[in-house]
Amino acid sequence: MPSYTAPVKDMQFLLHNVLQISGADIPGYGDLDDSFTGAVLEEAAKVASGILAPLNSVGDREGCVLQNGVVRTPTGFKAAFDTLKQGGWTALDCDPEYGGQGLPYLMGTAVGEMFVSANMAFNMYQGLTHGAYSAIHVHGSPDQKARYLPKMVSCDWTGTMNLTEPHCGTDLGLMRTKAEPQADGSYLITGQKIFISAGDHDMADNIIHLVLAKAPGGGEGTKGISLFIVPKVLVNDDGSLGARNAVTVGKIEDKMGIHGNATCVMNYDGATGWLLGDLHKGMRAMFTMMNEARLGVGLQGYAQAEAAYQNALIYAKDRLQGRAVTGAENPSGPADPLIVHPDIRRNLMEQKSFVEGARALTFWAASLIDRSVRMGDEAAEGLVSLMIPVIKGFQTDKGFEMAVAAQQVYGGHGYIEEWGMSQFARDARIAMIYEGANGVQALDLVGRKLAQDGGKHVMAFFEMVKAECKLHDGDDRMKGFADPLKAASKQLQQAAMFFMQAGMKNPNAALAGSYDFMHLMGHVCMGLMWTRMAKAAYTALDAGASDRDFLDAKIATGRFYMARQLPACGMHLARIETGAEPVMALSPEAF
């Protein structure tokens, strides 16, 4: 069975050496000294490795079962969920007014990574609840907040998001679910939703569904959509549970992965719901949690890669196969370990450099969300909104690729379920699809985010990268980072300029290159993170840090990324500059 050890040391390095959080001006960050964050992360690590990780294969093997209208979760899930609740882990970064601990979102992100690496399907139950909590926290009335949030913070009640229908996924304007207004101010919700993660289960007393539906007078398309709170069990005015609402599970989907999470078809047959936010402004309310949700999915991409990498590394050190081409390195044994072979080393370095770079990018973005929410910083909000499609799309694409690469280290054993590597690949695969498929993320980046607010956010990003490179002028140790980053940034700007010029004449010229642009920008973001991490590592070494091996490894891993991964930017630029013609040349009939 695969194992998992939380990368606490690497997280602490990011928090205190790279982001330097305890000295940041963001409210609440001053309390986050290294002893405090270390204590929180060490305790979370115990939960992740000791409780959640052993249940990962159980959930994969058993899945969820629908029995007499009730979804039963895999063996051990409910007890583990109770442990999380009792430990306050579900309330870590929630509002203290409703029972939360009030820690910054960044700390919730770090702990969330551990739980996702340990058991992605399990963590989705509380992760989706956090998203629903956020929407109600921002858009709910005082009564709605008081009625639902304390129980959702504790996860005595969990939450979901209900968007997709059988005939519409991304194009929500085609939605058919209806909301009929009632005299008492409530609505009757009728329709069917599909792919609803954690749609029903036996680990909470109630489930608070957030449902997109069309109320009368809203008009066509997404402008007519409203968002409604539809509890599984109605809640009385005194907070007690009342009658069962008219919402049922039609089926549990039989999926490729995340078997431990109940992905449900939900039927609303005149279920009672209440408007959340403004009428016909449901998309705005739903998008409140999009940055958070999509960052969470981008985290899932590298968190699964982290768990897969850890196990591939152990296997590569233990498995004896062949001899090193330069001479035996295990002369007393029948063969050398796999890790002596250059191609295995390349494979592992690709995984390691991606995971550590993605972690840095995700933590930085989480700090931008904290800056935006806690300080009302519009520049931070604009920058993180620009980053989100890159984090979601690039990191889940590469995360799946790295999980498969880890599986490859095992050879034939990687294809055998007993070893557990296929689960990482199967679970990682969904992150490329849900919360907006990655092609849609690329279109959002190129079609909306680049031009948002007159393009000032992407220009601010370009200036940030330029300033980072200039910061290291004259530092020979940093040339292997600053010079490649500068070159890659120029390629990114050249691609953006191509879109401006060619896209004005033919929009397909921009959209045909959107996926490559998302990956090009992803590599530049990773290059920026590796440059910052290298500088932080050198600074720590200069100050006489005791853990020189860790810091030397950090620098060497960054050099690998800059030398072996960042050159992909040139390939993506070349593809982009071919325009639309190679992509659109065939007529539909010719395929």
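Predicted model only: the values in this text are computed from it and were never measured.

Peer 1: Run through helix α2 (residues 34–62), naming residues and quoting values.
Peer 2: The end-to-end C-alpha separation of α2 is 40 Å, in line with the 42 Å expected for 29 residues at 1.5 Å each. Along α2, the largest kink reaches about 40° and is centred on L52; proline P54 follows within four residues of it. Directly beyond the C-terminal end of α2, a positive phi value near 65° is found at G63.

Peer 1: Go over a positive patch on the surface, please, and point to the residues and values.
Peer 2: There is a patch of like positive charges on the surface, built from K466, K470, K486 and K490. For the positive patch, the secondary structure elements donating two or more residues are α12 (456–471) and α13 (479–505). With respect to the secondary-structure elements, K466 resides in helix α12. Residue K466 is classed as exposed on the basis of its relative accessible area of 55%.

Peer 1: Go over the packing of aromatic side chains with me, naming the residues and quoting the values.
Peer 2: For the coordinates displayed, the defined rule picks out 12 aromatic pairs. Seen in terms of ring centroids, F499 and F517 are 5.3 Å apart; in terms of plane orientation they differ by 50°. Their pairing is tilted. With a gap of 18 residues between them, F499 in helix α13 and F517 in helix α15 (residues 514–542) connect regions that are remote in the sequence. Like F499, the residue F517 is buried in the burial classification. Clustering of aromatic rings is evident, with ring pairs tying together F77, F81 and F122.

Peer 1: Go over unusual backbone geometry, please, and point to the residues and values.
Peer 2: Phi is positive for F195, which is not a glycine, with a value near 60°. Turning to its location among the elements, F195 is positioned in strand β5 (residues 187–197). Phi at H280 is positive, roughly 65°, even though this residue is not glycine. Here H280 lies in the loop between β11 (263–275) and α6 (282–287). Looking at H280, the relative accessible area reads 17%, which means it is buried.

Peer 1: Go over the packing of α12 against α15 with me, naming the residues and quoting the values.
Peer 2: Contact geometry for α12 and α15: axes closest at 11 Å, N-to-C directions at 35°. In the crossing of α12 with α15, the sense of the turn from one axis to the other is left-handed. Contacts between α12 and α15 involve F461, M464, V465 and E468 on the former and, on the latter, M521, V524, C525, L528, T531 and R532.

Peer 1: Before we move on, can you summarise the pattern of salt bridges with the specific residues and values?
Peer 2: As enumerated under the stated definition, the model contains 33 salt bridges in all. Across the salt bridge formed by R359 and E113, the nearest N and O atoms sit 2.8 Å from each other. You can see R359 sitting in helix α8 (residues 342–375) and its partner E113 sitting in helix α4 (residues 105–139), a full 246 residues away along the chain. The exposure class of E113 is buried, given its relative accessible area of 0%. Salt-bridge contacts for K535 lead to D475; the nearest nitrogen and oxygen are separated by 3.5 Å. Linking K535 in helix α15 with D475 in the loop between α12 and α13, this pair joins segments that are 60 residues apart in sequence. K535 gets classed as partly exposed once you look at its relative accessible area, which sits at 29%. What you see here is one network of salt bridges that share partners, running through D10, E113, E306, K352, E356, R359 and K554.

Peer 1: Report on the packing of helix α7 (residues 290–318) against α8, specifying residues and quantitative values.
Peer 2: Running from N to C, α7 and α8 point in directions that differ by 150°, and their axes come no closer than 9 Å. Here α8 runs roughly antiparallel to α7, going by the angle between their axes. By crossing handedness, the relation of α7 to α8 is classed as left-handed. Its residues assigned to classes, the contact of α7 with α8 shows 18 nonpolar, 2 polar and 3 charged.

Conventions adopted
Residues numbered from 1 in each chain as written. Predicted model: local features only at pLDDT ≥ 70, side-chain atom pairs only at ≥ 80, totals over all residues. Heavy atoms only, no water. Helix = DSSP H or I, 4+ residues; strand = E, 2+ residues; numbered from the N terminus. Expected span 1.5 Å × (residues − 1). Bend = angle between axes of the 7 residues up to and from the residue. Patch = residues over 30% accessible without salt bridge, like charges linked within 9 Å, V, L, I, M, F, W, Y side chains within 5 Å. Areas by Shrake-Rupley, 256 points an atom, 1.4 Å probe, with all protein chains shown as cover. Salt bridge = Lys/Arg side-chain N within 4 Å of Asp/Glu carboxyl O. Lys, Arg positive; Asp, Glu negative; His and termini not counted. Charge placed at Lys NZ, Arg CZ, Asp CG, Glu CD. Buried < 20%, exposed > 50% of the residue type's maximum accessible area, 1.4 Å probe, protein only. Phe/Tyr/Trp six-rings, centres within 6.5 Å; stacked < 30°, edge-to-face > 60°. Axes fitted to C-alpha atoms, helices over the stretch in contact; angles between N-to-C directions. Left-handed = near helix turned anticlockwise from the far one by under 90°. Contact = heavy atoms within 4.5 Å. Parallel < 35°, antiparallel > 145°, perpendicular 65-115°, else oblique. Nonpolar A, V, L, I, M, F, W, Y, C, P; charged D, E, K, R; others polar.

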